Amino acid sequence: MLLMEKNKPINFKIEGGKKLSGIVVTKTSKNGAMGIICASLLNKGRTLLKNVPKIEEVYRMIEVLKSIGVEINWIDNDLEIIPTKIDLESINKESAEKTRSIIMLIGPLIHLFKAFSLPQSGGCKLGARTVRPHFFTLENFGVKINVKSKSFDVTAKKLVPAEFALYESGDTVTENAIMAASKIPGETIIKFASANYQVQDLCFFLEKLGVKIDGIGTTTLKIYGITEINKDVEYYLAEDPIDSMFFIATAIVTNSKIEIQRCPIDFLEIELLKLKKMGFDYKIVKKYKALNGQTNLVDIKTAPSRLVALEEKIESRPYPALNIDNLPFFAVIATQAKGQTLIHDWVFENRAIYYKELDKLGADTILADPHRFYVNGKTELKSAEVVCPPALRPAAIILIGMLGAKGSSILRNVYSINRGYEDIAKRLESLGADIKIFQD
């Protein structure tokens, strides 16, 4: 086993241009795990989360929760969470500042403290990702948040149920609102809610805790809050559509025949439709339910394909449209499609800028502005040495591009990728990729 030094960057060396084959199983999601780990603080009983991804983002949140007194234990791939007496004075600020998900602790913590402070959140560097929608949402319940230079100071003296529309249909904003409403007695109605996969996963978990929620999978949620949650519960996390999409894109760029199992199809349908119209050859060979009893899964077999660029722009929208986190994969896929593809990444100011790193691999692209990115294909990708962008999905597409590029490539400081993908090098190796982990 290769031992890694804690404070030194981890790098990948990739011998690209190889055809891949075999079976890969979709992992559970980072985003689903983060919300549900936070929601476990609503429960005074023992929570056992099944099949939790062992990724850097999860590790940072565990470090935060352990530092404030939460008992957490790994049992193989499952996570046992037992809230004890929580003390926020001892919070691990360094770990908290590395994860944007820290803001989702506000929803649960308002039920434990009338006043508290949390460090400001971090995560991917994608431009002006304002947290004001969280504040606008939580103020409906009677929560006040004062933003300091390095902290959020929260007061929640009297909580009340409410009916309101979200300032924006964000995933974490919706999750914060749901967690806040879950322990406020009465009916809360959230309009313009996100219906995305992680929000549905959180709702299914809370239902197991005894919270009644109407409208799961829609943009209007009714939460019937309860005063007390004290239940020993076991919950299987749902699979990650972004993980499935990573391997779909990898199959396309490497022109490979692989089978991707346990794909959450309801959150991939638009992506697959776009790809089918581009010429992607695939088959759905099996349909079944996830272990949570709710999420629809399929197994997908890919085949080598000749792609043609779509005439229309490719853009993301809130569910049920093309997923915002799946849009970057089309940037690297488009390098293998004949013609010009326009990718419109309207959500983030900086993310499309990172797509330009594909040029180092021989891609022919034009960044028209911070949101519009043109790709001219088809191009033969070439090997290169690249430092990982400080954002998860743009970093992932550079890795995919290197897998398709003939020759030896180096991808440096892959922490961004390890935030969201578990054992990604090992899983790629199982398909025949030549990828090595090293430190300088």
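Before reading further, recall that the structure is shown in the block above.
Just so we're clear, the structure is a prediction, and the values are computed from it rather than from any experiment. (Residues numbered from 1 in each chain as written. Predicted model: local features only at pLDDT ≥ 70, side-chain atom pairs only at ≥ 80, totals over all residues. Heavy atoms only, no water.)

What to know about the sheet that holds strand β24 (residues 434-438)
Sheets are built from strands paired through backbone hydrogen bonds, the pairs being either parallel or antiparallel. The strand order β22-β23-β1-β24 describes an open sheet built from 4 strands, whose pairing is mixed. Both edges of this open sheet fall to β22 (385-387) and β24, since each of them pairs with a single strand only. Each adjacent strand pair in this sheet contributes to an overall mean axis angle of 20°, direction not counted. In this structure, strand β1 (residues 11-16) lies alongside β24, joined through 5 bridges in antiparallel fashion. Residue pairing in the sheet places asparagine 11 in a bridge with phenylalanine 438 of β24. (Pairing = 2+ DSSP bridges. Helix = DSSP H or I, 4+ residues; strand = E, 2+ residues; numbered from the N terminus. Axes fitted to C-alpha atoms, helices over the stretch in contact; angles between N-to-C directions.)

Focus on the sheet that holds strand β6 (residues 115-119)
Spatially, β6-β8-β7 is the arrangement adopted by the 3 strands of the open sheet, whose pairing is antiparallel. Taken across any chain shown, the strands that pair with only one partner, and hence form the sheet edges, are β6 and β7 (144-147). Across the sheet, the mean angle separating the axes of adjacent strands is 20° when strand polarity is ignored. Bridge analysis of β6 against strand β8 (residues 151-155) gives 5 bridges, and the strand direction is antiparallel. When the bridges of β8 are listed, leucine 118 appears paired with phenylalanine 152.

As for empty space enclosed by the protein
Enumeration over the complete set of coordinates arrives at 2 cavities of 30 Å³ or more. Estimates place the volume of the largest cavity at around 40 Å³. Every residue along the wall of the largest cavity is listed here: Ser29, Tyr197, Asp201, Ala238, Glu239, Pro264, Phe267 and Thr295. For the lining of the largest cavity, the residue count by class is 4 nonpolar, 2 polar and 2 charged. In this structure, the second largest cavity is lined by Lys27, Thr28, Pro53, Ile55, Asp240, Asp243, Gly420, Tyr421, Glu422 and Arg427. (1 Å grid on protein atoms, 1.4 Å probe; cavity = no way out; pocket = protein on both sides within 12 Å on 5 of 7 lines; lining within 4 Å. Points joined across faces, edges and corners; volume = space filled by probe spheres on them. Nonpolar A, V, L, I, M, F, W, Y, C, P; charged D, E, K, R; others polar.)

With respect to the side chain of threonine 335
When you line up the elements, threonine 335 lands in the loop between α10 (327-333) and β19 (337-344). A relative accessible area of 1% means that threonine 335 is categorised as buried. A polar contact of 3.0 Å, which involves the side chain of threonine 335, links it to the side chain of glutamine 336. Once residues lying within four places of it in the same chain are set aside, the contact partners of threonine 335 are Ala363, Val375, Gly377, Lys378, Thr379 and Leu381. (Buried < 20%, exposed > 50% of the residue type's maximum accessible area, 1.4 Å probe, protein only. Polar contact = N/O pair within 3.5 Å; in protein donor to acceptor, adjacent residues only side chain to side chain. Contact = heavy atoms within 4.5 Å.)

Remarks on helix α8 (residues 241-253)
Here α8 spans 18 Å end to end across 13 residues, near enough to the 18 Å set by a 1.5 Å rise per residue. Burial analysis of α8 places 13 of its 13 residues in the buried class, which makes it a mostly covered element. At the N-terminal end of α8, a side-chain oxygen is found 2.9 Å from the backbone nitrogen of isoleucine 242, two or three residues along, and the residue is aspartate 240. Asparagine 255 lies just past α8 and shows a positive phi near 55°. (Expected span 1.5 Å × (residues − 1).)

Focus: the pattern of salt bridges
As enumerated under the stated definition, the model contains 23 salt bridges in all. In this structure, arginine 262 engages glutamate 239 in a salt bridge whose closest nitrogen and oxygen atoms are separated by 2.9 Å. One end of the pair, arginine 262, is in strand β14 (residues 257-264); the other, glutamate 239, is in the loop between β13 (233-236) and α8, and 23 residues separate them in sequence. Under the relative-accessibility criterion, glutamate 239 is labelled buried at 6%. Here arginine 351 and aspartate 325 are joined by a salt bridge, their closest N and O atoms 3.8 Å apart. Residue arginine 351 is found in helix α11 (residues 351-355), and its partner aspartate 325 is found in the loop between β18 (314-315) and α10; the two are separated by 26 residues along the sequence. Considered together, arginine 351 and aspartate 325 belong to a single accessibility category, that of buried residues. Sharing partners across several salt bridges, the network here consists of Asp325, Asp345, Arg351 and Arg393. (Salt bridge = Lys/Arg side-chain N within 4 Å of Asp/Glu carboxyl O.)

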